[in-house]
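# Chain and residue survey
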Amino acid sequence: MKRKNLLQSFSASRRELLRRSAALAGGIAAASALPRAALAARENELTVYCWEGYNSDKVLDPFRTEFDCDVRAQGLISDPDAVNQLRAGDTRIWDVINLNNSWGRRQLYPENLIVPLDQERFRPHWDMMLPEFKWPYHWAMSEDGKELLGNIQRFGPSGMNVDTNVISVEMAEDQGYNLILEDDFAGKYAVLKYDDWAIMHTALAAGFSPFRKLTEDEIGRFEQVMRKVITNAAFVSDDMNAIALGVINGSISASFPGSVYTVSTARFDGNPHFTCVVPKNGPAELGGKNGVCWMELTSLVNNPQLSPRGADFLEYVLRPEVCKNVAFAEGTFNPVAQMGDPRVMEQFSTEELDAFQWDRMPELMARCADFDDIPDYPKLHAIFTTALREKGV
Amino acid sequence: MAQATGIVTITPGQSARAAPEPSGWRAWLRQPGVLTALPMALLMLTGFVAPLLLVVAFAFMPPQSFSILQPPTLANFQEIFANSFYRSFLASLYLAAATTLICMVVCYPVAYAMVRVFGRVAGVLALLITAPLFVADNLRLVGWMLFLVKGGVLSGALQAWFGIATDSMLYTVSATLFGLVYTYLPFMLFPMIMGIAMVPLEMREAAFDLGATRWQVLKEVDIPLAMPGILIGALMTFILAAGALSEPRILGGSSVVMIAQDIQNEFTFAQNWPKGSALSVLMILVAGVLAVTLLRRIDLDGIFGRR
């Protein structure tokens, strides 16, 4: 018998192939029509989309072992990017989302992208919190104050970072952002390209709050200040380590903006002269506050097949030893709101506390307004990117 | 007997009951070539064409929106042309052209040596040039950052060995260009090797026999005959460099903003997918026009030996 080649055999059994294809297609269609519960067997898997830290093995490995759970975690690079991805349908992918405080209350929950937590289960954990985060904490609750939207854990103040070998803390606090704006200081600082933070601090440097609609005059003033900040910068980078390296080797003396978040690893690495300061004398409308503080909100995504391990994970990260691991994860070191509990506090050494400037934390936080939505963000961001494009022209 | 031999003879007047020949698109669809190409065609349609169409659709949606089911608008293009985005395009095109030119000049002698001089060593050399490609370009560029930064490997060595104090060599347009040349050099080198290998030795010998100088052989024989490889390398290098993101960010310190940075900004921090898509469409058009223009001058069939 003559052997047929592949195409001939295909041609001869086409009817059979069609029959099998139809059966396969029918099978797929039937499978997709199965009750959701049948496919929702996700007891042993969890997906986490978060700022770096929650995705470190120090945090995840013990959870994987204890809950016999396959955990996939991805670090995010910007809050708006993550929010956009959820809006675009990634709620089907993620179980846990970790973002800065205002997003949950202002956008994620109203847009039905996250689900409230079980208050009976989570409220007792709020006893661990520092006084400023006590129940019912504004940013953890829905606008009507009824729903708990997530855990508050890492937090930190933001102003600017300076090399105290060159600029004293007192001088930086008193002169504030004017220091950056002086022509004598051109080429001696770097701009940290965390776009929304650069925008907020430039508004503060221009003398007004970024958290309300701005007048045309104020937007003009913002543009003037932003162009100066960008033009006079030695360089612009989204890499806090590159900026820290510049301070350590003496190329630059400051980072604008700068925060405990971006300075803590350099401090822990033997450079305590690199310090976060929040200038005094901010805009009167912010009660004189001249910095911005952030608090991370960790929530459950409105995933149609939400893993039951999501809530377990949110509870797990509140254990004292895990609080420490979250605070001291790879990449950046930050205080956690659970440091109101002595069991958490005793996890930290003096050197570790000094890395995130714990001794000055109440003072720094008191000079910061809470991170919030920026109503004129599209306009201000366009000014920021235009200034970058036209730098030096 | 006829049946025994398997031969059927049809006498005049008899009609064979053969199936009618399919015509038109059905006949076309039954061709083996079409059938075997179908899976790949489907893959390309869903994996390559569909996302591009989505980007094109988004480019015509209202700014700051996240759905393609809205009335189309030209607002994004108007905003792009009214603003200074041309600077990013020009910076990208300028840096890509400079990168391509430098890579050409650097790669030609290397490629020539690998084809004509090094013999078996050429394989080892190719491996050494290829090896860094297995490491993510971000990591390699961070390595260069540590090499070039003030107090880094280079300036530290200059200071320690020769007492020469140098400042940081980073965060300039030159540093960006260096990063681009470093990253995209292999994309020029290997097509160029292929082009040079296509030049028949007999042609060169004939040219020398006829009294041509080395320069004339290079100009009249080597380069024209290697041109398909050179052009493919140039095209790949130019398009990849024009879309570069990491080099201006890591080594350049945003001293120059290339178009990919603007596109990334729109998709991330600006939350403006339509404007990011419109910028992408414009960049695809620029790259597409360039590719079509150059590919018209290249005889791909000749390169792959089909003619």
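This text goes with the structure placed above it.
Figured I'd write up the structure that's included with this text.

About the criteria used
- Residues numbered from 1 in each chain as written.
- Chains lettered and ligands numbered in written order.
- Predicted model: local features only at pLDDT ≥ 70, side-chain atom pairs only at ≥ 80, totals over all residues.
- Heavy atoms only, no water.
- Phe/Tyr/Trp six-rings, centres within 6.5 Å; stacked < 30°, edge-to-face > 60°.
- Helix = DSSP H or I, 4+ residues; strand = E, 2+ residues; numbered from the N terminus.
- Salt bridge = Lys/Arg side-chain N within 4 Å of Asp/Glu carboxyl O.
- Buried < 20%, exposed > 50% of the residue type's maximum accessible area, 1.4 Å probe, protein only.
- Expected span 1.5 Å × (residues − 1).
- Contact = heavy atoms within 4.5 Å.
- Polar contact = N/O pair within 3.5 Å; in protein donor to acceptor, adjacent residues only side chain to side chain.
- Buried area = accessible area lost by both parts, 1.4 Å probe.

## Some thoughts on the packing of aromatic side chains
Residues and elements named next belong to chain A.
- On inspection of all chains with the given rule, the structure shows 28 aromatic pairs over all chains.
- Relative to phenylalanine 155, the ring of phenylalanine 133 has its centre 5.0 Å away and its plane inclined at 55°; by these criteria the two rings are tilted. Pair noted here: phenylalanine 133 is in the loop between helix H7 (119-122) and strand S5 (151-163) and phenylalanine 155 is in strand S5, with a separation of 22 residues, a long-range link.
- Relative to phenylalanine 256, the ring of tyrosine 177 has its centre 5.6 Å away and its plane inclined at 80°; by these criteria the two rings are edge-to-face.

## Describing the pattern of salt bridges
Residue and element names in this part refer to chain A.
- Applying the stated criterion across every chain, the model contains 35 salt bridges over all chains.
- Between glutamate 390 and arginine 227 there is a salt bridge; the shortest N-O distance is 3.0 Å. Taken together, the residues span a long stretch of sequence, with glutamate 390 in the segment after helix H19 (377-389) and arginine 227 in helix H11 (residues 216-232) at a distance of 163 residues.
- Overall, glutamate 390 belongs to the buried group, its relative accessible area being 17%.

## A word on H19 of chain A
- Look at H19 of chain A: 18 Å from first C-alpha to last across 13 residues, which is about the 18 Å you get at 1.5 Å a residue.
- Counting buried positions along H19 of chain A gives 10 out of 13 residues, so the element sits mostly inside the fold.
- Along H19 of chain A, the residues classified as buried are Tyr377, Leu380, His381, Ile383, Phe384, Thr385, Thr386, Ala387, Leu388 and Arg389 of chain A.
- Tucked into the core, H19 of chain A has its buried residues touching helix H10 (195-206), H11 and strand S7 (235-237) of chain A together with helix H5 (85-117) and helix H13 (259-267) of chain B.

## Thoughts on unusual backbone geometry
- The omega torsion of the bond from tryptophan 135 of chain A to proline 136 of chain A falls at -5°, within 30 degrees of zero and hence cis.
- Tracing the backbone through its elements, the reader meets proline 136 of chain A in the loop between H7 and S5.
- Its identity is not glycine, yet asparagine 281 of chain A carries a phi of approximately 60°, on the positive side.
- Residue class for asparagine 281 of chain A comes out exposed when judged on its relative accessible area of 65%.
- If you check the backbone angles, glutamine 64 of chain B has positive phi at about 65° while not being a glycine.
- Looking at where glutamine 64 of chain B falls in the secondary structure, it is placed in the loop between helix H3 (32-59) and helix H4 (75-82).
- Of the residues examined, glutamine 64 of chain B reaches a relative accessible area of 33% and is grouped as partly exposed.

## A closer look at the side chain of serine 299 of chain A
All names here are of chain A.
- Mapped onto the fold, serine 299 is located in strand S10 (residues 291-301).
- Residue serine 299 is classed as buried on the basis of its relative accessible area, which comes to 1%.
- In this structure the side chain of serine 299 is engaged in a polar contact, spanning 2.7 Å, whose partner is the backbone oxygen of leucine 149.

## Focus: the interface of chain B and chain A
- Taken together, the 29 residues of chain B in the interface contact 34 residues of chain A.
- Of the roughly 2800 Å² buried where chain B meets chain A, counting both sides, 57% is carbon and sulfur surface.
- The largest per-residue losses of area from chain B upon contact with chain A belong to Tyr171, Phe269 and Gln271 of chain B, which jointly make up 23% of the total buried on that side.
- Where chain B meets chain A, there are 2 salt bridges.
- Aspartate 262 of chain B serves as the salt-bridge partner of arginine 389 of chain A, at 3.0 Å between the closest nitrogen and oxygen.
- The interface formed by chain B and chain A contains 9 residue pairs in polar contact (both at pLDDT 80 or more).
- For the side of chain B that touches chain A, the elements supplying multiple residues, two or more each, are H3, H5, helix H7 (137-148) and H13 of chain B.

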